[in-house]
Amino acid sequence: VQLEESGGGLVQAGGSLRLSCVASGRTFRRYNMGWFRQAPGKEREFVAALNWSGDTTTYADSVKGRFTISRDQAKNTVYLQMNSLKPEDTAVYYCAADVIDHGSNKWYVGSWGQGTQVTVSS
């Protein structure tokens, strides 16, 4: 599956952004989907995941209560609503398909998007 993110940009601390990820192919509805991010000089880290049916979500502790992942099966799209943004949320955000949690913060990802930059100013 091919993934294309959009919606990144520059926002002030406390603001909101919504990222979108459009997937190609008819298999989208069968995949668990997720979002990861990578800040400069840091490793890529897990942000949020959503199972194929959309009824189970998982979040990193750092974004719980502020970010919401959702999907629209009809549009082959997964979203990441980000509220109360902080400067430490600044990173390139990557959409991920066929996401599997192996525990101990280890994830399998079948396909990655190209990433979209999110910058939060203080």
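Quick note: structure is the one above.
Residues numbered from 1 in each chain as written. Predicted model: local features only at pLDDT ≥ 70, side-chain atom pairs only at ≥ 80, totals over all residues. Heavy atoms only, no water.

Bringing the packing of aromatic side chains into the picture now. The final tally for this structure, using the stated rule, is 5 aromatic pairs. Ring centres of Phe36 and Trp107 lie 6.1 Å apart, and the angle between their planes is 85°; on these two criteria the pair is classed as edge-to-face. Here Phe36, found in strand β4 (residues 33–38), pairs with Trp107, found in strand β10 (residues 107–112); they are 71 residues apart in sequence, far enough to count as distant. Residue classification places Trp107 among the partly exposed positions, given a relative accessible area of 22%. Between Tyr94 and Trp112, the ring centres sit 6.3 Å apart and the planes meet at 85°, which makes this aromatic pair edge-to-face. With a gap of 18 residues between them, Tyr94 in strand β9 (residues 91–101) and Trp112 in strand β10 connect regions that are remote in the sequence. A connected cluster of aromatic rings, assembled from ring pairs, spans Phe36, Phe46, Tyr94, Trp107 and Trp112. Here the guanidinium or amino end of Arg44 rests over the ring plane of Trp112, the centre of that ring lying 4.4 Å away. (Phe/Tyr/Trp six-rings, centres within 6.5 Å; stacked < 30°, edge-to-face > 60°. Helix = DSSP H or I, 4+ residues; strand = E, 2+ residues; numbered from the N terminus. Buried < 20%, exposed > 50% of the residue type's maximum accessible area, 1.4 Å probe, protein only. Lys NZ or Arg CZ within 6 Å of the ring centre and 35° of its normal.)

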